[in-house]
Amino acid sequence: GWVEVQFTISRTGTVKDAAVLNAQPQNIFNRAALKAIRKWKYNPKIDDGEAVERSGVKVRLTFQLQDG
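Rules and cut-offs
- Residues numbered from 1 in each chain as written.
- Predicted model: local features only at pLDDT ≥ 70, side-chain atom pairs only at ≥ 80, totals over all residues.
- Heavy atoms only, no water.
- Phe/Tyr/Trp six-rings, centres within 6.5 Å; stacked < 30°, edge-to-face > 60°.
- Helix = DSSP H or I, 4+ residues; strand = E, 2+ residues; numbered from the N terminus.
- Buried < 20%, exposed > 50% of the residue type's maximum accessible area, 1.4 Å probe, protein only.
- Core = buried A, V, L, I, M, F, W, Y, C linked by side-chain atoms within 4.5 Å.
- Contact = heavy atoms within 4.5 Å.
- Pairing = 2+ DSSP bridges.

Draft legend 1. Up close: the packing of aromatic side chains. All told, the structure shown has three aromatic pairs when counted by the stated rule. Aromatic side chains Phe7 and Tyr42 sit 5.9 Å apart centroid to centroid with 35° between the ring planes, which places their arrangement in the tilted category. Of this pair, Phe7 sits in strand S1 (residues 2-9) while Tyr42 sits in the loop between helix H1 (30-37) and strand S3 (45-47), and the two are 35 residues apart along the sequence. With relative accessibility at 1%, the residue Phe7 sits in the buried group.

Draft legend 2. Looking closely at the nonpolar core. Judged by nonpolar contacts, the single largest core of 14 residues is most densely connected at Val3, Val5, Phe7, Ala18, Ile37 and Val59. Put simply, the parts of the chain that give this core at least two residues each are S1, strand S2 (15-24), H1 and strand S5 (54-62). Considering each element in turn, this core owes the most residues, four residues, to S1. Every residue in contact with Ala18, bar those within four places of it in the chain, is listed here: Val5, Gln6, Phe7, Leu34, Ile37 and Arg38.

Draft legend 3. Region of interest: the pairing of S1. Of the strand pairs in this sheet, S1 and S2 are connected by seven bridges, and their pairing is antiparallel. Paired with Glu4 across the strands is Asn22, a residue of S2. Connecting S1 to the next strand, S2, in antiparallel fashion are five residues, including Gly13 with a positive phi near 95°. In the sheet, S1 pairs with S5 via seven bridges, with the strands oriented antiparallel. Bridged to Val5 within S5 is Val59.

No statement about biological role is implied by the geometric values presented.
What follows is the structure in structure tokens.
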């Protein structure tokens, strides 16, 4: 399955305002995707020498269950 998430990268490079946009299958991996995304760190966007927020960032996380 997969989960598409949209979020904002703060001026310090942390993720905030993460929200699920779409998922397949619905509501199975949403919680795991949001938990993972909130731990991610980015280099903040620099505009005129100052760190600025970057909103509307989208990623798709793919989940694959192992046989076992």
